[in-house]
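# A structural walkthrough
Listed below are the residues making up each chain.
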Amino acid sequence: QVQLVESGGGLVQPGGSLRLSCAASGRSFGRYVMGWFRQAPGKEREFVATVSWSGYGTDYADSVKERFTISRDNAKNTVYLQMNSLRPEDTAVYYCAADRTSNRVKKEFYEYDYWGQGTQVTVSS
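Our subject in this report is the structure included herewith. (Residues numbered from 1 in each chain as written. Predicted model: local features only at pLDDT ≥ 70, side-chain atom pairs only at ≥ 80, totals over all residues. Heavy atoms only, no water.)

### Points about the pattern of salt bridges
Per the stated rule, a full pass over the model turns up seven salt bridges. Among the salt bridges present, the one from Lys107 reaches Asp59, with a minimum N-O distance of 3.6 Å. Of this pair, Lys107 sits in the loop between strand E9 (92–99) and strand E10 (114–115) while Asp59 sits in strand E6 (residues 58–60), placing them 48 residues apart in sequence. Classification of Lys107 by relative accessible area gives partly exposed; the value is 39%. Across the pair Arg104 and Glu111 runs a salt bridge, and its minimum N-O distance is 2.8 Å. The class of Arg104 is partly exposed, set by a relative accessible area of 44%. Each of Arg38, Glu46, Arg67 and Asp90 takes part in salt bridges that share partners, so that together they form one network. (Salt bridge = Lys/Arg side-chain N within 4 Å of Asp/Glu carboxyl O. Helix = DSSP H or I, 4+ residues; strand = E, 2+ residues; numbered from the N terminus. Buried < 20%, exposed > 50% of the residue type's maximum accessible area, 1.4 Å probe, protein only.)

### Re the state of the cysteines
Counted according to the given criterion, the structure contains one disulfide. Each sulfur of the disulfide joining Cys22 and Cys96 lies 2.1 Å from the other. Judged by the sign of its S-S torsion, about -80 degrees, the cystine formed by Cys22 and Cys96 is left-handed. With Cys22 in strand E3 (residues 18–26) and Cys96 in strand E9, the pair connects residues that are 74 residues apart, well separated along the chain. (Disulfide = S-S within 2.5 Å.)

### Some details on the sheet that holds strand E7 (residues 68–73)
Strand order in this open sheet of four strands is E1-E3-E8-E7, and the pairing throughout is antiparallel. Since the sheet does not close on itself, it has two edges, and those belong to strand E1 (2–7) and E7, each with one partner. Put simply, the sheet's adjacent strands are angled 15 degrees from each other on average, direction ignored. Relative to strand E8 (residues 78–83), E7 runs antiparallel, the two being bridged by six bridges. Each residue of the ladder has a partner; that of Phe68, found in E8, is Met83. (Pairing = 2+ DSSP bridges. Axes fitted to C-alpha atoms, helices over the stretch in contact; angles between N-to-C directions.)

### Quick look at the packing of aromatic side chains
Taken as a whole and assessed by the stated rule, the structure comprises six aromatic pairs. Arranged with centres 5.8 Å apart and planes meeting at 70 degrees, the rings of Phe37 and Phe47 form a pair that is edge-to-face. You can see Phe37 sitting in strand E4 (residues 33–39) and its partner Phe47 sitting in strand E5 (residues 46–51), a full ten residues away along the chain. When its relative accessible area of 1% is taken as the criterion, Phe37 is described as buried. (Phe/Tyr/Trp six-rings, centres within 6.5 Å; stacked < 30°, edge-to-face > 60°.)

### A short note on unusual backbone geometry
For Ser28, which is not glycine, the phi torsion reads 60 degrees and is therefore positive. Here Ser28 shows up in the loop between E3 and E4. A positive phi angle, near 75 degrees, is found at Glu66, a position not held by glycine. On the secondary structure map, Glu66 appears in the loop between E6 and E7.

### Points about the pairing of strand E11 (residues 119–123)
Only one face of E11 is buried, namely the one carrying Thr119, Val121 and Val123, since none of Gln120 and Thr122 on the opposite face is buried. In this structure, strand E2 (residues 10–12) lies alongside E11, joined through three bridges in parallel fashion. By the bridge assignment, Gly10 is partnered in E11 with Val121. Taken together, the three bridges between E9 and E11 define a ladder with antiparallel strand orientation. Directly across from Tyr94, in E11, lies its bridge partner Thr119.

Structural data, given as structure tokens:
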């Protein structure tokens, strides 16, 4: 079992950057596929990015490709989401998720067993 705590959210102007962190407690962090999802008011939770055990396998939603980068530091039990060129439509609560059933990057929320409580990202001038 793993517990996840997100941090790094806040208010940023359009075009700005933020880096989200997700710290995991528990054992065998390196055996969890990690993902980031987001949920805007009145909308369903949507996939943002995912990373494999080693960090070499990644996948992104089309809406964030070339702007967001997911990475992980297994020695620190932490996964990151670097967000650049932020847009107002990126405003949402961002959630970190973990799954250890297989080393396959996952894009569906139901494929993840563990979730953090979320961190708010607001992009506004």
